[in-house]
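The residues making up each chain are set out below.
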Amino acid sequence: MSRVVTVGAAQLGPIQRDHTRAEVVKRLVVLMTEAANKSCDLVVFPELALTTFFPRWFEPDITKADHFYETQMPSKFTQPLFDAARSLGLAFCLGYAELTPDRHRYNTQVLVGKNGETIAKYRKIHVPGHEHHEPDRPFQHAERYYFEPSPDGFGVWNAFDGRIGMMICNDRRWPEAYRVMGLKGVEMILCGYNTPLHYAPDPTQDRLQSFHNSLVMQSGAYQNGTWVIGVAKCGLEEGVASLGESAIIAPSGEIMAQAVTTDDELVTHKCDLDWCSNYKKTLFDFDRYRRPEMYLPITTQRGVVID
Ligand code: ING
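Residues numbered from 1 in each chain as written. Predicted model: local features only at pLDDT ≥ 70, side-chain atom pairs only at ≥ 80, totals over all residues. Heavy atoms only, no water.

(A) Spotlight on the environment of Lys-121. Among the secondary structure elements, Lys-121 is positioned in strand 5 (residues 118-123). Among the residues examined, Lys-121 registers a relative accessible area of 38% and is labelled partly exposed. The spatial distance from the C-alpha of Lys-121 to the C-alpha of Ser-277 is 26 Å, given a sequence separation of 156 residues. Excluding its chain neighbours within four sequence positions, the residues that come into contact with Lys-121 are Tyr-96, Glu-98, Thr-108, Gln-109, Val-110, Trp-157 and Met-166. (Helix = DSSP H or I, 4+ residues; strand = E, 2+ residues; numbered from the N terminus. Buried < 20%, exposed > 50% of the residue type's maximum accessible area, 1.4 Å probe, protein only. Contact = heavy atoms within 4.5 Å.)

(B) Region of the structure containing the packing of helix 4 (residues 175-182) against helix 5 (residues 209-224). Put simply, helix 4 and helix 5 touch, their axes get as near as 10 Å, and they point 30 degrees apart. Here helix 4 is positioned roughly parallel relative to helix 5, judged by the angle of their axes. Between helix 4 and helix 5 lies a crossing of right-handed hand. Residues Tyr-178, Arg-179 and Gly-182 of helix 4 form the contact with helix 5, whose participating residues are Val-216, Met-217, Gly-220, Ala-221, Gln-223 and Asn-224. (Axes fitted to C-alpha atoms, helices over the stretch in contact; angles between N-to-C directions. Parallel < 35°, antiparallel > 145°, perpendicular 65-115°, else oblique. Left-handed = near helix turned anticlockwise from the far one by under 90°.)

(C) Broad picture of the side chain of Asp-41. Following the sequence through the fold, Asp-41 ends up in the loop between helix 1 (21-37) and strand 2 (42-44). Separated by 2.8 Å, the side chains of Asp-41 and Lys-114 make a polar contact. If near-sequence neighbours (up to four positions away) are discounted, Asp-41 is found in contact with Val-4, Val-5, Thr-6, Leu-90, Ala-91, Lys-114 and Phe-160. (Polar contact = N/O pair within 3.5 Å; in protein donor to acceptor, adjacent residues only side chain to side chain.)

(D) Focus on unusual backbone geometry. That bond from Met-73 to Pro-74 is cis: its omega, 5 degrees, falls within 30 degrees of zero. Note that Pro-74 resides in the loop between strand 2 and helix 2 (79-88). In this structure, Leu-48 is a non-glycine residue whose phi angle is positive, near 45 degrees. Within the fold, Leu-48 resides in the loop between strand 2 and helix 2. Residue classification places Leu-48 among the buried positions, given a relative accessible area of 0%.

So this is what it looks like as structure tokens:
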């Protein structure tokens, strides 16, 4: 009996600054209902799925940005998502900004089971962008001001009769992210993202955003024999155009389903977790073929060393 997880990649169109949490949660519940009607087991929402992508503005008094963060999960605003999970028998993965009781700020993703109970929480490890206001940019990408890097590391959890991992946005560009989870036996990686089409440090990359997005997730899937579910918040959000193309990617590296709009759009696919072993037991049999003694610079160095 193969282990099939029917996944809904629940892409979100723009969330504008004045959209309330209640309005956003209503959109999320609509997507969950659509997913349940399509017999999904799991719905994956984007990064920072409850608010506009607020790191595009630099607020010198960071406490004035506190309202973009969740201090509880669930709260009265997000409880409807947990209720919907239970009533629809549908698990979900949600990205949000986390403000802890001791005032640490993380870019966080939570995995909630079909019973509405939290299975796991992941905090973004690779935090891109900049720490200080850069007024010359057409818009800020000040994630390193608003979020601390995770102190927790990558995790892989037992769920849906398989091994489920999580990463967030910029994490998907780093092969180490996939490989650490691959070494923990991951069979499906859930990844939300917000990716502006314009990359101020090097605008020559703008025309390649779609290619780079698919490249990194397809490579990571294939090289680790895992499904990758990439889900965008996209469209024109507060004047900034962001990439859509949410996708469900197989362990072969093939894109099995992909969004075609830059709005709220559910993309579904029946993901057979047993497909992973086709790669994990052959080409990417890590225990047979890897040479970690040759990879030491990967864990002992941060940047380039010319020796
Ligand atoms: N966003 C981006 C990402 O890695 C970025 C950072 C923006 C990269 C624009 C390239 C171009 O997709 C987040 N939120 O990490």
